[in-house]
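Survey of secondary and tertiary structure
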Amino acid sequence: MVLFRRLLRKMRGWICCWVQVRKNSTTLFVGIIFAALLILGVNFHTRYLVQTNSYQGVSNRVRFNPLTSQSSELTPRQEILDVHSPQRNMSETVKSFRSCQPKRNVMFLKTHKTASSTILNLLYRFGEKHGLTFALPTHYQFGYPILFSSRRVKGFLQRDVPHYNIMCNHMRFNRPEVQKVMPADTFYFSILRNPVALAESSYSYYKSVAPSFKRSVNFDAFIANPWRYYLPQVHNNHYARNLLWFDFGFNHNANFSLQVAQAGVEEIQQSFHLILLAEYFDQSMVLLRDALCWSLDDIVTFRLNFRSNDTRRRLSAKQEERLKQWNAMDWYLYQSFNKTFWQRVERFGKSRMDQEVAILQARQKELMDLCLLQGGKPAEASQILDRGVRPFQFGQAKILGYNLNLNLSLSNKERCLRMIMPELQYKDLLDSKQFPRAEGVPKQALAKEGIRPQSNVHLGASGSVVNKRDHVIQKIDLSKQKLRRSP
């Protein structure tokens, strides 16, 4: 019995020892597993942060040049040289990391004498490239200077076009009517110009149209005493006073008051997502690209519908002050959105803006060297070899254009041609694509408007509108007559 008790105590000791060993082993095993998981977790987290930062770096840089997926910093020259590299396809994958998607529904209020024709060209190119549908006018403007009406959109009343993506031709803005045509998610933007410079340009261009300008001997005489020549209710005199204010749909003859001016600015802010400035065109393009989430080449442009320097006038400080007072509504409008423009640049980041502007300018120069004769030197209309791309001439100003490089591949020729194509010819091209042969329009209606049926119009190899009777030139001459009757 005593022996049995001793044996039992020993067995109990062995069992306790074994259990303790098992506990220690289990603890050790669990500890080893936990440590391994911890090490793996730290390593994964480190790799994730490195990759995320790399992609974020690429994504940020893609905003101003989506041409490479490398995370290393590239110079502007390296960026533009990489345009056609195989890595460009990789940038499409990187785009999935961005927080925005390219906007396809866009409304641009094309104001007068503000570099708006250049913006029109980039919108035409983007829409044509992506097969988008344009809200086009029957002629070249939406019934301007009458307030915009949806019935002015070609095919809208007949519902020939179920959906419109881009609206960008001249109009006098009327938001309720525009909203009838454009989708609810449309991005609205426009552009302003310093009213002093705008007034000088307007006088040169609309001298033969605005009665106030016609009656004055020259611009100096008009500035000295505008009321001597200006009659408020006379047709087309809106070109002579507060032209921007008028284009946005307001009364250009209203006496200036802070309350009225502020109300106008607030209404524009409610209607438009972005207001650009002509004096800072490159910075404006960078902001536009960021807002629309487009690629670099989508917003690269050549300057269009601009006049030669020999028709420009330098004004004295006294004359500038008089023009600010005469165009007081425009001046308040410009000051207000000049302030918001630079606030937006500040949020965007000044150093980032400077870098993107440099990249944009470098890419523009590269395309000009590729596309144009003499590196893009402007030419007067009579010196442009291709009559189909001669700019429309109007008023006292000499409107300049470009000659294409003669040694271009077919694909480059088509691309370069679009970049220099004036707005009247480009609108005709888009019209012929969107409404081939204008079927369903009675010939009597066309004859009443003074328009010949376009049954003989076809697209050339480069995509330009051509025929044996110089159709484009005839259309330009016809548009000149129409603009004289109803600008």
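Residues numbered from 1 in each chain as written. Predicted model: local features only at pLDDT ≥ 70, side-chain atom pairs only at ≥ 80, totals over all residues. Heavy atoms only, no water.

What to know about the overall build of the protein
What counts, and what does not: A run of H or I in DSSP counts as a helix once it spans at least four residues, and a run of E counts as a strand once it spans at least two, with each numbered from the N terminus. Only protein chains enter the accessibility calculation, which uses a 1.4 Å probe; a residue is then buried when its area is under 20% of its type maximum, exposed when over 50%, and partly exposed in between. Any two residues having at least one pair of non-hydrogen atoms within 4.5 Å are treated as being in contact.
Within the protein, the regular secondary structure consists of 19 helices and nine strands. Of all 487 residues assigned to the protein, the portion counted as buried reaches 49%. For the protein, contacts bridging at least 24 residues in sequence account for 73% of all contacts bridging at least 6.

Description of the pairing of strand β4 (residues 274-277)
As a reminder of what qualifies: Strand pairing is defined by DSSP finding a minimum of two bridges between the two strands.
Of the two faces of β4, the one holding Leu-274 and Leu-276 and the one holding Ile-275 and Leu-277 are both buried throughout. Strand direction decides the pairing type here: strand β3 (residues 187-192) and β4, joined by four bridges, are parallel. In the sheet register, Ile-191 faces β4, and the bridge partner there is Leu-276.

Details of the state of the cysteines
Two cysteines form a disulfide when their sulfur atoms are joined by a covalent bond. Worth spelling out the cut-off: Cysteine sulfur atoms are paired as a disulfide whenever they fall within 2.5 Å.
In this structure the tally under the stated criterion is two disulfides. A sulfur-sulfur distance of 2.3 Å marks the disulfide that ties Cys-100 to Cys-293. Judged by the sign of its S-S torsion, about 70°, the cystine formed by Cys-100 and Cys-293 is right-handed. Highlighted residues: Cys-100 in the loop between α3 (88-94) and β1 (106-109) and Cys-293 in the loop between α11 (281-292) and α12 (296-299), separated in sequence by 193 residues. Comparing Cys-100 with Cys-293 shows no difference in burial state: the two are buried. Across the disulfide, Cys-371 is cross-linked to Cys-416 (sulfur-sulfur distance 2.0 Å). Of note, the bridge from Cys-371 to Cys-416 carries an S-S torsion of about -60° and is left-handed in sense. Taken together, the positions of Cys-371 in helix α15 (residues 350-371) and Cys-416 in helix α16 (residues 410-420) put the pair 45 residues apart, joining distant regions of the chain. For the pair Cys-371 and Cys-416, a shared accessibility class is recorded, and that class is buried. With its bonded cysteines labelled in order along the sequence, the protein shows the pairing 1-2, 3-4.

Describing the pattern of salt bridges
Inclusion rule: Whenever Lys or Arg places a side-chain nitrogen within 4 Å of a carboxyl oxygen from Asp or Glu, that contact is recorded as a salt bridge.
Counting across every chain of the model gives 15 salt bridges. Across the pair Asp-431 and Lys-154 runs a salt bridge whose closest N-O atoms are separated by 2.7 Å. Placement of Asp-431 in helix α17 (residues 423-434) and of Lys-154 in the loop between α4 (116-129) and β2 (166-167) is noted, with a sequence separation of 277 residues between them. Of the two residues, Asp-431 and Lys-154, neither departs from the other in class, the shared state being buried. Residues Glu-366 and Arg-363 are paired through a salt bridge, measuring 2.2 Å at the closest nitrogen-oxygen approach. Taken as a pair, Glu-366 and Arg-363 lie in helix α15 at a separation of three residues, close to a single helical turn.

Everything listed here is a matter of coordinates, which is why it stays silent on function.
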